[in-house]
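Observations on chain architecture
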Amino acid sequence: MSSTARPAAADLDTLGADLARSLREDAAAWDAEGELPAEVRLAVAQAGLLAAELPRDHGGLGASPAQLGELCARLGGVCSSLRGLVTVQSMVAAALLRWGTAQQRERWLPGLARGELIAAFAATETEAGSDLAAVGTAVEEHGDELVVTGEKRWITFGEIADVFLVLGVSGTAGGRPAAVLVEGDRPGVVREPVRGQLGMRAAQLAHVRFDRVRVPRANAVAPAGFGLSHVVAGALDHGRFTVAWGCVGMAEACLREAAGHAVRRSQGGVALAEHQQVRSLLARAVVDSRAARELCLRAARLRERGEPDAIAETVAAKYAAAAAASSVAGNAVQVLGAAGCAPDSTVGRFYRDAKIMEIIEGSAQVCELHIADHLLRAHGHRQAPRPRPRAGQRPRGAQENGEAR
Amino acid sequence: MGTPNNADALTGPVVTKELSEFLTANLGQELAPDDDYFTMGLVNSLFAMELVTFVERQYGIEVQVEDLDLDNFRSLGRLRDFVLAKTAHRGAAA
Ligand SMILES: Cc1cc2nc3c(=O)[nH]c(=O)nc-3n(C[C@H](O)[C@H](O)[C@H](O)COP(=O)(O)OP(=O)(O)OC[C@H]3O[C@@H](n4cnc5c(N)ncnc54)[C@H](O)[C@@H]3O)c2cc1C
């Protein structure tokens with residue numbers, strides 16, 4: 001372990017709160033410029049906040065699920081892109097902690113914990129969004145090496161990532177889902193920055209092409225066949241938890257802005273707060289925000305106890321929190337009027353970002369499928385076999401049941 | 001859902017009963033020891049990780065990447081054998 005003083009997990013809440021306060025005013029500019037400044041990234045990284053839940057013996061802060069959640073809520077209440085950085089870094093860290101070999105954990109986790117390495121999660125392809133079993137990126141064995149060929153889309157912080165956790169299909173094991181780490185400086189990694197998307201505008205997204213990129217076999221995470229059902233599923237579970245809490249932070253920030261505005265702003269000599277219709281918008285925002293927070297706390301408790309239901313309850317929390325962020329941000333823009341539409345408006349930015357949250361890490365519809373599946377499964381319902389139209393690929397093996405993210 | 005069982009030495013019948021309770025509660029039916037719930041279409045994409053989480057919590061074991069062989073997980077009988085193998089040292093050490 002390094003000798004630099006690292007904060008105790010108990011101080012994490014203070015650290016998160018201080019950081020959020022110091023950055024709040026700047027986030028609108030990051031959104032406008034389409035970039036999270038490197039010094040901000042470094043400050044958060046050096047504080048150990050990019051993968052705070054990693055255990056201390058891997059260089060992390062040993063944050064509990066509830067502490068990680070609260071941190072994501074604080075950062076999410078400032079900037080979704082900054083929270084997104086924590087999300088992707090900790091997704092990759094979680095996958096490696098869970099399914100890395102001892103050597104892989106030693107090799108990667110301390111750098112991820114200290115933020116010396118920035119990680120990205122590269123699953124989505126043009127033909128594989130919700131249905132990740134359809135990925136076509138090839139991971140082929142060549143002697144001591146793996147050769148990765150494919151094109152990933154919409155990769156959060158893909159423009160600057162030092163390492164990508166890539167989901168592909170193994171070429172030599174019957175086309176089974178395979179997860180592999182690809183360093184960003186390997187020949188054949190080509191990044192095409194994405195700018196001006198609806199939301200998460202400072203998240204330095206990129207479409208990333210892997211053009212016969214050679215990596216050592218030691219970069220494979222888990223045996224072929226387990227890349228989706230275990231490695232990517234574990235990463236996504238972690239990601240949903242952090243996104244859910246980020247959404248709670250967005251909803252609560254919007255609520256504060258809307259309430260403050262309703263009290264200060266008068267029209268026709270009457271404060272907006274006096275209008276029953278405005279109160280109705282605010283009341284619904286209060287209930288949506290509180291409900292989202294409670295579902296996230298419930299997920300945190302189950303995760304803390306290592307309950308198997310934590311996975312499905314995290315889906316429910318993410319589903320509810322993304323919907324809450326979306327509706328509360330919408331109500332906040334309504335209450336602020338043109339002020340909510342201004343280029344530097346926080347609620348306007350969160351209104352755009354919140355829609356993204358209903359699409360990524362399992363869209364609202366895919367979350368509904370999971371939640372209903374979980375319910376019906378316990379009543380003995382069999383999954384309808386889903387046809388796989390792409391011919392000549394992978395047998396429908398058991399480990400491919402990891403379909404819709 | 002089940003109290004963690006960190007007993008020194010686990011027996012086959014006890015583990016079978018506990019695993020069976022978990023599977024029945026989650027898959028809505030009693031399963032024979034060799035029923036492969038993955039190929040029977042009883043599970044969804046979250047189940048593989050739920051199963052790992054369950055055995056870890058229930059038996060205080062750590063499922064590691066070396067254990068990732070579908071043959072350890074695909075049926076009640078295989079899972080029982082896996083749990084017994086992972087916990088075998090406990091009885092011996094006592
Ligand atoms: C800002 C941003 C950041 C992102 N970051 C990353 C990243 O870091 N890494 C990464 O791998 N990907 C990333 N993505 C991609 C993201 O994960 C996908 O957009 C998401 O999984 C949905 O896939 P899709 O866009 O292809 O939509 P589709 O899967 O085509 O879905 C389109 C619509 O159809 C609905 N739909 C799909 N399947 C079903 C179904 N079975 N039943 C009912 N409705 C269904 C969906 O709910 C959605 O409304 C990012 C995307 C954005 C916008």
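Scroll up to find the structure this text is about.
Right, let's walk through the structure included here. (Residues numbered from 1 in each chain as written. Chains lettered and ligands numbered in written order. Predicted model: local features only at pLDDT ≥ 70, side-chain atom pairs only at ≥ 80, totals over all residues. Heavy atoms only, no water.)

**With respect to the overall build of chain A**
- A tally of helices and strands in chain A yields 12 helices and 10 strands.
- Relative to its length of 405 residues, chain A is compact, with a C-alpha radius of gyration of 21 Å against a globular reference of 22 Å.
- C-alpha extents for chain A along the principal axes are approximately 80 × 55 × 40 Å.
- Split into buried and exposed, the 405 residues of chain A put 59% on the buried side.
- Considering only contacts within chain A whose residues lie at least 6 apart along the sequence, 75% involve residues at least 24 apart.
- Separation between the mean location of the 46 positive side-chain charges and that of the 46 negative ones in chain A comes to 3 Å. (Helix = DSSP H or I, 4+ residues; strand = E, 2+ residues; numbered from the N terminus. Rg over C-alpha atoms; globule rule 2.2 N^0.38 Å. Buried < 20%, exposed > 50% of the residue type's maximum accessible area, 1.4 Å probe, protein only. Contact = heavy atoms within 4.5 Å. Lys, Arg positive; Asp, Glu negative; His and termini not counted. Charge placed at Lys NZ, Arg CZ, Asp CG, Glu CD.)

**Thoughts on unusual backbone geometry**
All names here are of chain A.
- The phi dihedral of Arg 212 falls on the positive side, at around 45°, and the residue is not glycine.
- What makes Arg 212 partly exposed here is its relative accessible area of 44%.
- At Glu 361, a residue that is not glycine, the phi angle is positive and equals roughly 55°.
- Checked against the element boundaries, Glu 361 lands in the loop between helix H11 (346-357) and helix H12 (364-377).

**Thoughts on the site of the ligand**
Residue and element names in this part refer to chain A.
- Close to the ligand lie 17 residues, the nearest being Thr 124, Ser 130, Ser 363, Gln 365 and Arg 405.
- Here a nitrogen atom of the ligand sits 2.6 Å away from a polar atom, N or O, in the side chain of Thr 124.
- One of the side-chain nitrogen or oxygen atoms of Ser 363 is found 2.5 Å away from an oxygen atom of the ligand.
- Calculation on the ligand without its partners gives an accessible area of 960 Å², and the protein chains cover 66% of this total.
- Listed by contribution, the elements that provide at least two residues to the shell around the ligand are strand E1 (119-122), strand E3 (145-155) and H12.
- Grouping the amino acids of the shell around the ligand by side-chain chemistry returns 10 nonpolar, 6 polar and 1 charged. (Near = heavy atom within 4 Å. Polar contact = N/O pair within 3.5 Å; in protein donor to acceptor, adjacent residues only side chain to side chain. Areas by Shrake-Rupley, 256 points an atom, 1.4 Å probe, with all protein chains shown as cover. Nonpolar A, V, L, I, M, F, W, Y, C, P; charged D, E, K, R; others polar.)

**Observations regarding the side chain of Lys 318 of chain A**
All names here are of chain A.
- Within the secondary structure, Lys 318 is located in helix H9 (residues 310-336).
- One buried charge, Lys 318, has no salt-bridge partner; the nearest side chain with opposite charge is Glu 361, at 7.6 Å.
- The contact partners of Lys 318, leaving out residues within four places of it in the chain, are Arg 240, Val 243, Ala 244, Met 357, Glu 358, Ile 360, Glu 361, Gly 362 and Cys 367. (Salt bridge = Lys/Arg side-chain N within 4 Å of Asp/Glu carboxyl O.)

**Observations concerning the nonpolar core**
- Ranked by size, the top nonpolar core spans 72 residues in total, and within it Trp 30, Leu 49, Leu 82 and Met 357 of chain A carry the most contacts.
- Per-element accounting of this core gives the leading share, 13 residues, to helix H7 (residues 227-264) of chain A.
- Those residues in contact with Leu 49 of chain A that lie beyond four places of it in its chain are Leu 12, Leu 15, Leu 19, Val 44, Leu 61, Leu 71 and Val 86 of chain A.
- In terms of nonpolar packing, the next biggest core, distinct from the first, is built from 69 residues, Leu 96 and Ala 123 of chain A together with Tyr 59 and Val 83 of chain B among them. (Core = buried A, V, L, I, M, F, W, Y, C linked by side-chain atoms within 4.5 Å.)

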